[in-house]
Amino acid sequence: MLNINYSLKSLKIIVEKVKPSKIVLVSSNNLIPKLNWAITELKELTPVEIKIIQVPDGEVAKEWGVLKELLSDFIEVGLNRKSIVIALGGGSITDLVGFASSIYQRGVPYINIPTTLLAQIDSSIGGKTAINFLDYKNQIGSFYNPIAIIIDSRFLETLTERQIIDGFAEIIKYGLIKDPSILEIIKSCNLAALREESVMEGLISKSIKVKEYFIEKDPYDLNIRQILNFGHTIAHSLELKYNLSHGEAVLIGMMEELKLGEQLGEASPEIKNYLGVLLKNLNITLNKKQLKVDWKSILHDKKISGKEINLPVVKKLGEAKLIKVRLDKLISLIK
Ligand SMILES: NC(=O)c1ccc[n+]([C@@H]2O[C@H](COP(=O)([O-])OP(=O)(O)OC[C@H]3O[C@@H](n4cnc5c(N)ncnc54)[C@H](O)[C@@H]3O)[C@@H](O)[C@H]2O)c1
Ligand SMILES: [Zn+2]
């Protein structure tokens, strides 16, 4: 069971239980001033001093050089396996800090405090940590679970609409693959109503339950967890090429993979139409440019084994499965 908490105050209980010798909090140069209120609150919750370590913001945080700097900082502050590391930030920070914590002295306990919607419902949960390497995303990493995840909806107040939509793409994905009640909520509200705290908290906890369901069944991503990758085979092939946000790429990817599902005789057009209605509700218009999927990048997909790919398909709203598709067939359908 994951230790998920919905208040910053839970840090007090964790610290009382673990009794760490030292606590360090890692965040980005952009976030530390913005999230000063949270850092102050966290400092007040523990008698152990919290040392702050600053890393670069965004995807740059996942560079090899930044990891090296961070590990040097860990040594400099005298961190050891009785210490606690806190990651405060979006997915870039939790991915970097999780990985650094997993390799420093063969593993030091860490806590994720995710601050974007995407990180709260996705990247902070499931134990996947990574940095980028030689232009390959998430190429070096580990499976290493935080001792706790602390989610606070106040962080969402300062996110831009684009950042919120990035999170919504994954929330819709959870609805399509497992929990249609998520889709009903989104269908019945507009974006402003969805951003209300109580609605958001409901969607976040439902989303986390879906992710938990898959990671508990398959922690190392060998089979059923790959369903969480729905929409991502095509998304990854468009995201960098057209400089789309991850969320936008995933929304397009889901739409296109639903079409593929239809061509493979696995899905009905109603699902695609339903997704269209949700997007309209959220005021999202997908990029109408002629996007051409780069099938060469599909060949790097982690779901490939031999000449086949394990493709997640949504059979009905809330019901998905993996099917094996020959790569040559997939490419001919995409082209
Ligand atoms: N480990 C996993 O399972 C997993 C899953 C999905 C994505 N990811 C990774 O997550 C990363 C993307 O994460 P992200 O979308 O959270 O982006 P991010 O961490 O790069 O943050 C994006 C921007 O949002 C800002 N930000 C963060 N919190 C804020 C707040 N509360 N208010 C205002 N601004 C804030 C940051 O400073 C940054 O500029 C990618 O590197 C991706 O590979 C990992
Ligand atoms: Zn994603």
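Analysis parameters
Residues numbered from 1 in each chain as written. Chains lettered and ligands numbered in written order. Predicted model: local features only at pLDDT ≥ 70, side-chain atom pairs only at ≥ 80, totals over all residues. Domains from an automatic or database assignment. Contact = placed C-beta atoms within 7 Å. Helix = DSSP H or I, 4+ residues; strand = E, 2+ residues; numbered from the N terminus. Axes fitted to C-alpha atoms, helices over the stretch in contact; angles between N-to-C directions. Parallel < 35°, antiparallel > 145°, perpendicular 65-115°, else oblique. Left-handed = near helix turned anticlockwise from the far one by under 90°. Nonpolar A, V, L, I, M, F, W, Y, C, P; charged D, E, K, R; others polar. Pairing = 2+ DSSP bridges.

**Some thoughts on the domain arrangement of the protein chain**
Here the protein chain is partitioned into domain 1 (4-156) and domain 2 (160-334). At the junction of the two partners, domain 1 supplies 14 residues and domain 2 supplies 16 residues. Counting residues per element, the side of domain 1 that touches domain 2 draws most heavily on helix α6 (residues 117-123), which supplies five residues.

**Notes on the packing of helix α7 (residues 161-177) against helix α12 (residues 246-263)**
Two numbers describe how α7 lies on α12: the axes approach to 7 Å, and their chain directions differ by 30°. Put simply, α7 runs roughly parallel to α12. When you trace α7 past α12, the crossing you get is left-handed. Between α7 and α12, the contacting residues are I165, D166, G167, F168, A169, E170, K173 and L176 on the first element and H246, G247, V250, L251 and M254 on the second. Classifying every residue of the contact of α7 with α12 gives seven nonpolar, three polar and three charged.

**Let's talk about the sheet that holds strand β1 (residues 4-5)**
Taking strand neighbours across the sheet as the criterion, the six strands line up as β1-β8-β5-β4-β2-β3 in an open arrangement whose pairing is parallel. Strand pairing shows two members of the sheet lacking a second neighbour, β1 and β3 (50-55), which therefore form its edges. Judged from the four bridges that link them, strand β2 (residues 23-28) and strand β4 (residues 84-89) form a sheet pairing that is parallel. Bridging across to β4, I23 finds its partner in I84. Running at roughly 160° to strand β8 (residues 148-150), helix α1 (residues 10-18) makes contact with β1, β4, β5 (110-114) and β8 of the sheet.

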